[in-house]
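Here is how the chains run, residue by residue.
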Amino acid sequence: MTANSRYRSRAPRSDDGEEKEYVGFATLPNQLHRKSVKKGFDFTLMVAGESGLGKSTLVNSLFLTDLNKCRKLLNAEERIHQTVEITKNTMDIEEKGVKLRLTIVDTPGFGDAVNNSECWRPVANYINQQFEQYFRDESGLNRKNIQDNRVHCCLYFIPPFGHGLRPVDIEFMKALQDKVNVVPLIAKADCLTPLEIKNLKERLREEIDKYGIKIYQFPNCDSDEDEDFKQQDKELKESTPFAVIGSNTVVEARGQRVRGRLYPWGIVEVENPSHCDFVKLRTMLIRTHMHDLKDITSDCHYENYRAQCIQNMTSKMNADKRVESPIPILPLSTPDVETEKLIKMKDQELRRMQQMLQKMQQQMHEQDL
């Protein structure tokens, strides 16, 4: 078989049975796939909620890793004076040749103080700082190597012990609803019976609608999707807010080793859909909607921030009649090692460009002489 006949055999046929000439742009998805896999992906996940609700355990269960090996637990007296902190852990995960740069942002101290008024403000400031840094990098010289640290999703843990949303829950979600994709979770669902979980979910959905809280909305399925995917999407939508359980312990149940929690009355299996919504959360967060979460962050939340920055710049130019920095100055946290490396790289690049300009000017001056 010749090369021409091989390409002709792959060419699509028209309705009357004649072969169409094969151009080759149908391979574009394959090219994008290879390029994306080679480059790798990044995802930033924030977890927020009171201490003791199993945030770290759930993250470790989701990604099969241990991000907080050296975590120090504070006693009650230390938590009284503790303020909300922002901690960031980054690690590289690889699965079947696909690389993921995962960043977990934790908020220790949230909701633990005696006075929790505006305890959400450090979290909102951190998200704005990541938008600001991305805006600066996007407006800079080295745009090819921009590192995306924008928060793509925030898992907000609601305690299972109450009868609905507390004031701090409402204030937190309303403060962050226009900055990040908020996904509310019912923590430690093994504390509740199936009927209690059902009633609590209904109550939370009613209160979310009542207070006008905008949480992450699942996109509608396309009409050409298969029935299995449509059914899966329907189940995910009906299960929100997800009632979750986390565990890093492997126990034996029905002759099989599974991740779960061992109680005197039995075993709670983390990955058993009849016990909790952990599998549904993992499916949504990683397998089906991770890219949609990133798209909404980039196309909606970040674009709103960027538009606001440009509007402020225009207003300032009209008022002062002079060009100033269009980027608002926010109180930045202490830069980490990666940020310092990027700053040094950009400084070196600027120096090289200045040296090249000086050499060119000197050569032009010598030629004129």
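Counting restarts for each chain: residues are numbered from 1 in the order of the written sequence. Owing to the predicted nature of the model, reporting of local features is limited to residues with pLDDT of at least 70; listing and counting of side-chain atom pairs is limited to 80 or more, with chain, interface and lining totals taken over all residues. In computing side-chain properties, one takes all heavy atoms of the structure into account and sets aside hydrogens as well as water.

**Q** Looking at this structure, how should I read the nonpolar core?
**A** Nonpolar side chains in soluble globular proteins tend to end up buried together. Side-chain atoms within 4.5 Å are what join buried Ala, Val, Leu, Ile, Met, Phe, Trp, Tyr and Cys residues into a set we call a nonpolar core. Here's how the labels work: a residue is buried when its accessible area is under 20% of the maximum for its type, exposed when over 50%, partly exposed in between, all with a 1.4 Å probe on protein chains only. Grouped together as the largest cluster of nonpolar side chains are 70 residues, with contacts concentrated most on Leu-155 and Phe-172. Helical segments are the DSSP runs of H or I of at least four residues, strand segments are the runs of E of at least two, and each set is numbered from the N terminus. Counting residues per element, this core draws most heavily on helix 5 (residues 121-138), at 7 residues.

**Q** Hey, could you run me through the environment of Arg-261 in this one?
**A** Secondary-structure assignment places Arg-261 in strand 8 (residues 256-263). Residues Arg-261 and Asn-248, spaced 13 residues apart in sequence, show a C-alpha to C-alpha distance of 8.8 Å. Contact between two residues is taken to exist if any of their heavy atoms lie within 4.5 Å; hydrogens are not considered. With residues near it in sequence (within four places) discarded, Arg-261 still touches Asp-190, Ile-245, Gly-246, Ser-247, Gly-266, Ile-267 and Val-268. N or O atoms within 3.5 Å of each other form a polar contact, as long as, within protein, one can give a hydrogen and the other can take it, and as long as residues adjacent in sequence are counted only when both atoms are side-chain atoms. Within the structure, the side chain of Arg-261 is placed 3.2 Å from the backbone oxygen of Gly-246, a separation counted as a polar contact.

**Q** Please explain the pattern of salt bridges as it appears in this structure.
**A** A side chain of one charge can pair with a side chain of the opposite charge if their charged atoms are brought near each other. What makes a salt bridge here is a side-chain nitrogen of Lys or Arg within 4 Å of a carboxyl oxygen of Asp or Glu, nothing more. Throughout the structure, instances matching the rule amount to 14 salt bridges. The closest approach of N and O atoms between Glu-50 and Arg-166, which form a salt bridge, is 2.3 Å. Here Glu-50 is found in the loop between strand 1 (41-48) and helix 3 (55-63), whereas its partner Arg-166 is found in the loop between strand 4 (153-158) and helix 6 (167-176), with 116 residues between them in sequence. A salt bridge links Glu-207 to Arg-203, with the shortest nitrogen-to-oxygen separation between them at 3.1 Å. With Glu-207 and Arg-203 both in helix 7 (residues 194-210), this residue pair falls 4 residues apart, about one helical turn. When its relative accessible area of 10% is taken as the criterion, Glu-207 is described as buried. On the accessibility criterion, Arg-203 (39% relative accessible area) is partly exposed. Where salt bridges share partners, they join Glu-50, Arg-166 and Asp-169 into one cluster.

**Q** Help me understand a nonpolar patch on the surface, please; the structure alone is not making it clear to me.
**A** Where nonpolar side chains cluster on the molecular surface, the patch consists of Val-23, Phe-25 and Leu-28 and spans about 350 Å² of accessible area. Along the polypeptide, Val-23 turns up in the loop between helix 1 (3-10) and helix 2 (28-39). Exposure remark for Val-23: the relative accessible area of 68% places this residue in the exposed category. The patches reported here contain residues having more than 30% relative accessible area and no salt bridge. Joining distances are 9 Å for like charges and 5 Å for nonpolar side chains (Val, Leu, Ile, Met, Phe, Trp, Tyr). Only the protein chains shown count as cover for residues, and the accessible areas themselves come from Shrake-Rupley with a 1.4 Å probe.

**Q** Would you take a moment to explain the packing of aromatic side chains for this structure?
**A** The geometry of two aromatic rings is summed up by the distance between their centres and the angle between their planes. Two rings belonging to Phe, Tyr or Trp (six-membered ring only in the last case) form a pair when the distance between their centres is within 6.5 Å. Interplanar angles under 30 degrees mark stacking, angles over 60 mark edge-to-face geometry, and anything in between is tilted. For the coordinates displayed, the defined rule picks out 6 aromatic pairs. With a centroid separation of 5.9 Å and 55° between ring planes, the pair formed by Phe-131 and Tyr-302 is classed as tilted. In this pair, Phe-131 sits in helix 5 while Tyr-302 sits in helix 10 (residues 290-320), placing the two residues 171 residues apart along the sequence. Using a relative accessible area of 2% as the deciding quantity, one classes Phe-131 as buried. Tyr-302 sits in the buried class, given a relative accessible area of 1%. Summarising the aromatic geometry, the rings of Tyr-134 and Tyr-302 are spaced 5.1 Å apart at their centres and angled 85° between planes, so their arrangement reads as edge-to-face.

**Q** Quick question: what am I supposed to make of the packing of helix 8 (residues 227-239) against helix 9 (residues 278-288) here?
**A** To characterise two packed helices, one gives the angle between the axes of the helices and the distance between these axes. Contact geometry of helix 8 with helix 9 gives a least axis separation of 10 Å together with a crossing angle of 120°. In terms of orientation, helix 8 and helix 9 fall into the oblique class. Of the two possible hands of crossing, helix 8 and helix 9 adopt the one that is left-handed. Only Lys-280, Thr-283, Met-284 and Thr-288 of helix 9 make contact with helix 8, whose side of the interface consists of Phe-229, Gln-232, Leu-236 and Ser-239. Working convention: axes come from line fits to C-alpha atoms, limited for helices to the stretch in contact. Angles between N-to-C directions cover 0 to 180 degrees. If an angle is under 35 degrees, it is roughly parallel; if it is over 145, roughly antiparallel; if it lies from 65 to 115, roughly perpendicular; otherwise it is oblique. Crossings are assigned a handedness: left-handed for a near helix turned anticlockwise from the far helix by less than a right angle, right-handed for a clockwise turn.

**Q** Help me out: how do you make sense of the packing of helix 3 against helix 9 in this one?
**A** Contact geometry for helix 3 and helix 9: axes closest at 11 Å, N-to-C directions at 70°. In terms of orientation, helix 3 and helix 9 fall into the roughly perpendicular class. As for the relative orientation of helix 3 and helix 9, their crossing is right-handed in sense. Facing Leu-58, Ser-61, Leu-62 and Phe-63 of helix 3, the residues of helix 9 in contact are Phe-278, Leu-281, Arg-282, Leu-285 and Ile-286. In terms of residue class, the contact of helix 3 with helix 9 is made up of 7 nonpolar, 1 polar and 1 charged. Note that Gly is not counted as nonpolar here; it falls among the polar residues with everything else outside the nonpolar set of Ala, Val, Leu, Ile, Met, Phe, Trp, Tyr, Cys and Pro and the charged set of Asp, Glu, Lys and Arg.

**Q** How do you make sense of unusual backbone geometry when you look at a structure like this?
**A** With glycine set apart, most residues show a phi of negative sign, and most peptide bonds adopt trans. A cis geometry characterises the amide bond from Thr-240 onward to Pro-241, with omega recorded as -10°. In this fold, Pro-241 is placed in the loop between helix 8 and strand 6 (242-243). Positive phi values are uncommon outside glycine, yet Lys-96 reaches one of about 50°. Here Lys-96 is to be found in the loop between strand 2 (87-95) and strand 3 (98-106). A residue is classified by how much of its surface remains accessible, and Lys-96, at 84% relative accessible area, is exposed. One non-glycine residue, Lys-188, adopts positive backbone phi at about 50°. Within the secondary structure layout, Lys-188 lies in the loop between strand 5 (182-186) and helix 7.

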